[in-house]
Amino acid sequence: MNALVKYQVDPVVRTKLDFKLDEVPRFWFGGDAFRTRMFDALSLTFPDGERYFIESVRLFRDKITDPDLKQRVADFIRQEAQHGLAHDKMNQVMKDQGMPVDQFIHFLTRLFKSELKNRSPQYNIAMTAAAEHLTALMAETFYSKKETLKEAHPYVRALLAWHSIEEMEHRDVAFDVMKQVGEVPESTRKFALAFTTFMMFNFTLYRANVMLEHDGFTRLERLKMAAKGLPWFVGKKGIFSAMRSQYLDWFKKDFHPSQHPVIHQYQTWIDTMAETNDPIVAGEAFWKAGY
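These numbers were taken from a predicted model, which means no experiment stands behind them.

Caption draft 1: Representation of the pattern of salt bridges within the structure. Applying the stated rule across the entire model yields 17 salt bridges. Measuring nitrogen to oxygen at the nearest pair gives 3.0 Å for the salt bridge that ties E166 to R14. Of this pair, E166 sits in helix α5 (residues 154-170) while R14 sits in the segment before α1 (33-58), placing them 152 residues apart in sequence. Using a relative accessible area of 0% as the deciding quantity, one classes E166 as buried.

Put into structure tokens, the structure is as follows:
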């Protein structure tokens, strides 16, 4: 393992968590339709994306001899399965609102099946490791500052908090599989993050636009929303722009995800969840502990 690795935590599988998503209002991000649908569009990717990650890692399970990595892979798979189930419920909420969820899911299912069938195992594990790096950074970005999700509904904020905690716990699993048994060229590893970022952003923006159209907003209204809302995400002081330095670390030859510290209030979520067994209370404590 890379000598600079300092912040590894083991995955913990948590099941049967209820986030009361059926009680969440239509525009749950403080009434802001654009921000709501951007997050919703990102959530749409997770169920099929998580299943793709699981299959990508499973391609290498027979090659793994390190018992510690074997256990972490098993826990990674179980965590990802739970994430898929939780975001399936979020997707159902959107479907009940009249969103074309089935259209999006059908496309994603075909896309990921094609990747697994037509691309090499090396390509798929690299894409998975890159996506895990990206989602772990998003977790840090969303919760390190209270202001970021201040206007989000507490129940969605709790869902994303739990997902963020577990992304931090298994952020290095696919990476270690890739490095220890994947035989992935450096050029493929570096390409994977750039390509994943491009595709994720464009698919998210496209799906958000389609959903806003189904919400009844005209093309001009949607353009104005994007012009006003996108800088919050990717502007000079946007929430994603803030993770630029850690994002670029991926391209260093000696990079490992666990060189980055776990978010400072990680233990707050762990302790609150242990005390209350309530993911909504734990999520609120986690958010409030931000800077």
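Next comes the rest of the account.
Caption draft 2: Quick look at the packing of helix α3 (residues 101-118) against helix α7 (residues 186-214). Between α3 and α7, whose axes approach to 12 Å, the crossing angle comes to 160°. Classified by the interaxial angle, the pair formed by α3 and α7 is roughly antiparallel. The two elements α3 and α7 meet at a crossing, and its hand is right-handed. Of the residues in α7, those touching α3 at Q103, F104, F107, L108 and L111 are F203, Y206, R207, V210 and M211. Here the contact of α3 with α7 is composed, by residue class, of eight nonpolar, one polar and one charged.

Calculation criteria
Residues numbered from 1 in each chain as written. Predicted model: local features only at pLDDT ≥ 70, side-chain atom pairs only at ≥ 80, totals over all residues. Heavy atoms only, no water. Salt bridge = Lys/Arg side-chain N within 4 Å of Asp/Glu carboxyl O. Helix = DSSP H or I, 4+ residues; strand = E, 2+ residues; numbered from the N terminus. Buried < 20%, exposed > 50% of the residue type's maximum accessible area, 1.4 Å probe, protein only. Axes fitted to C-alpha atoms, helices over the stretch in contact; angles between N-to-C directions. Parallel < 35°, antiparallel > 145°, perpendicular 65-115°, else oblique. Left-handed = near helix turned anticlockwise from the far one by under 90°. Contact = heavy atoms within 4.5 Å. Nonpolar A, V, L, I, M, F, W, Y, C, P; charged D, E, K, R; others polar.

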